[in-house]
There are 2 protein chains.
Amino acid sequence: MKKDSQFSSVGRPRAFDPDTALEKAMQVFWRQGYEGTSLSDLTEAMGINRPSLYAAFGNKEELFLKVLDRYGSGPVAYVMCALDEPTARQVVEKLLRESAALMGDPEHPRGCMAVQGILCGGQGTGYVLEHARSRRVAMQRKIQERFERAQAEGDLSAAVGAADLARHVVMIINGLSIQASNGASAEELKAAAEFALRSVPGLD
Amino acid sequence: MKKDSQFSSVGRPRAFDPDTALEKAMQVFWRQGYEGTSLSDLTEAMGINRPSLYAAFGNKEELFLKVLDRYGSGPVAYVMCALDEPTARQVVEKLLRESAALMGDPEHPRGCMAVQGILCGGQGTGYVLEHARSRRVAMQRKIQERFERAQAEGDLSAAVGAADLARHVVMIINGLSIQASNGASAEELKAAAEFALRSVPGLD
DNA sequence: TGTGTTTTGTATCGGTCGGTATGAAATGAA
DNA sequence: TTCATTTCATACCGACCGATACAAAACACA
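Quick notes on the rules
- Residues numbered from 1 in each chain as written.
- Chains lettered and ligands numbered in written order.
- Predicted model: local features only at pLDDT ≥ 70, side-chain atom pairs only at ≥ 80, totals over all residues.
- Heavy atoms only, no water.
- Helix = DSSP H or I, 4+ residues; strand = E, 2+ residues; numbered from the N terminus.
- Buried < 20%, exposed > 50% of the residue type's maximum accessible area, 1.4 Å probe, protein only.
- Contact = heavy atoms within 4.5 Å.
- Areas by Shrake-Rupley, 256 points an atom, 1.4 Å probe, with all protein chains shown as cover.
- Lys, Arg positive; Asp, Glu negative; His and termini not counted.
- Charge placed at Lys NZ, Arg CZ, Asp CG, Glu CD.
- Core = buried A, V, L, I, M, F, W, Y, C linked by side-chain atoms within 4.5 Å.
- Least-squares fit on C-alpha atoms with pLDDT ≥ 70 in both.
- Near = heavy atom within 4 Å.
- Polar contact = N/O pair within 3.5 Å; in protein donor to acceptor, adjacent residues only side chain to side chain.
- Buried area = accessible area lost by both parts, 1.4 Å probe.
- Salt bridge = Lys/Arg side-chain N within 4 Å of Asp/Glu carboxyl O.

### Quick notes on the overall build of chain A
Per the secondary structure count, chain A includes ten helices and zero strands. Going from the N terminus to the C terminus, chain A shows its helices and strands as α-α-α-α-α-α-α-α-α-α. In terms of overall dimensions, chain A has a C-alpha envelope of 60 × 40 × 30 Å along the principal axes. Within chain A, buried positions represent 50% of all 204 residues. Restricting to contacts in chain A with at least 6 residues of sequence separation, those with at least 24 account for 66%. Accessible surface for chain A amounts to roughly 9500 Å². Of this, 51% is attributable to carbon and sulfur atoms. The averaged location of the 26 negative side-chain charges in chain A is 4 Å from the averaged location of its 24 positive side-chain charges.

The structure is reproduced here in structure tokens:
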């Protein structure tokens, strides 16, 4: 019985901060994708050596899943936050504007990590690919449920399908991601979000 | 001075058809992406061995570029074809409907190859990545120029920016691609295209 | 039947991949 | 000081990567 993931006061203390190391790993995966990132890339960026990485994070797959968690609760936390907006219109506004802002932010790599780093993949990447895909689907479902609530509360027309609208919004966000990786500037992304916002039907 | 790419009547005849081999290669790259596809995957799918592949197509990079050409003049030829429609509205309709049809077609891998197989990439894939990106940008520009013509011809409101509209349409198409790789059915993709079509502004 | 030419199959190249064995170094406890 | 425990750094593992060397095989031509 090992007491893993529990920091122990005995033994040699680790010479790195797991949280900042995870942040560095996220940057690399974000920029290069899962398959495009080698362990050498990771250890160099994280400032640690291989055995330390495996001891702290398991292996490359598990590290990426941890990075995905961090990504969801960090840079794209605005998604869940946007669902708390009072009306469907404000939810969509916040989703699109924050997405454009994030993907145009020069501080991060371009585009969405869950799109950038995961779409493609050979046979060895089945598990990671499936995991990230289910995350994207889950996000879309959350948005759909929010729209269903909005219809029940009366601030969204019942004429449009909540599933259709949610899918449309997610498509716009993913479109923004690809525009960003195509080299679109922050201003262009902002303009694209506003343009799409003007065209979404059913939002009072 | 070698006379390459010219079929010579002398010497042992090749035992495979380069065109069908290229088709097989496209299927694999489409499904697995550039980095996710190994030479063993390619030779197995194409039914040829390594030296034959190199003699006929150069190397992995050149093969992928040839596949990209084939992709543009084959499965996605409808894009250039759609630009010949008489009005901007019909152009957009054809673009979105054909995109949804292609990406939902169970005969091909899901999604768009230029998105699926190229977005992510490490340092070694710079040239291929840049090439495919410039293709996506060029396609968007073609669509923009078509809209500018439509504005000059009067079937598209001058109130909307041609660049904005073109970018929006491309974003929808790319969004469809990601929906497809998320597992959306052909019917869902069709519905998504119709929904987006209803919401595009400026189309009479 | 040779002879030159091109493709074929096999076997292999150096390099890099993800993942580890091993022992030294650094701590708290005894 | 000594020991148990944990992390550190080095060096290495087999497997696979993209790419080739080499010679046998299959053709046209003489």
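### Quick word on the nonpolar core
Within the largest apolar cluster, 134 residues are counted, with the highest numbers of intra-cluster contacts made by Leu63 and Phe147 of chain A together with Leu63 and Phe147 of chain B. Aside from chain neighbours lying at most four places away, what touches Phe147 of chain A is Ala88, Val91, Val92, Leu156, Ala162, Leu165, Ala166 and Val169 of chain A.

### A look at the relation of the copies chain B and chain A
At an RMSD of 0.1 Å, chain B and chain A line up after a rotation of 180° and a shift of 0.0 Å along the axis. The two molecules are tied by a two-fold rotation axis, judged by turn and shift. In this assembly, 100% of the residues forming the interface of chain B have copies in chain A that are likewise at the interface, indicating an isologous arrangement.

### Examining the protein's contact with DNA strand C
Every one of the 24 residues lining DNA strand C counts as a neighbour, but Leu39 and Lys60 of chain A together with Ala15, Asn49 and Ser52 of chain B are closest to it. The contact atoms of DNA strand C, taken as those within 4 Å of the protein, divide so that sugar and phosphate hold 63%. Contact distances for DNA strand C include 2.7 Å between a phosphate oxygen and a side-chain N or O atom of Lys60 of chain A. Asn49 of chain B has a polar side-chain atom sitting 2.3 Å from a phosphate oxygen of DNA strand C. Contributing elements (two or more residues each) for the surface near DNA strand C: α2 (39–46) and α3 (50–57) of chain A together with α3 (50–57) of chain B.

### Digging into the protein's contact with DNA strand D
The local shell around DNA strand D holds 25 residues, among which Ala15 and Asn49 of chain A together with Leu39, Tyr54 and Lys60 of chain B are the closest. In DNA strand D, atoms within 4 Å of the protein come from the sugar-phosphate backbone in 67% of cases. Contact distances for DNA strand D include 3.0 Å between a base oxygen and a backbone N or O atom of Arg12 of chain A. In the model, a base nitrogen of DNA strand D is placed 3.0 Å from a nitrogen or oxygen of the Arg50 of chain B side chain. Of all the secondary-structure elements, those providing two or more residues to the surface near DNA strand D are α3 of chain A together with α2 (39–46) and α3 of chain B.

### Brief notes about the interface of chain B and chain A
With 39 residues of chain B in contact, the opposing surface of chain A contributes 39 residues. Across the interface of chain B and chain A, roughly 3500 Å² is buried in total on both sides, 60% from carbon and sulfur atoms. Across the chain B-chain A interface, the total number found is two salt bridges. Here Arg167 of chain A and Glu188 of chain B are joined by a salt bridge, their closest N and O atoms 4.0 Å apart. Between the two partners, chain B and chain A, sit four residue pairs in polar contact (both at pLDDT 80 or more).

### What about the pattern of salt bridges?
All names here are of chain A. Following the criterion strictly, the structure yields 26 salt bridges over all chains and no others. A salt bridge links Asp164 to Arg167, with the nearest nitrogen and oxygen atoms 2.6 Å apart. Here Asp164 pairs with Arg167, and both are found in helix α9 (residues 162–181), just three residues apart, close to one helical turn. The exposure class of Asp164 is partly exposed, given its relative accessible area of 25%. Note on Arg167: relative accessible area 6%, which makes it buried.

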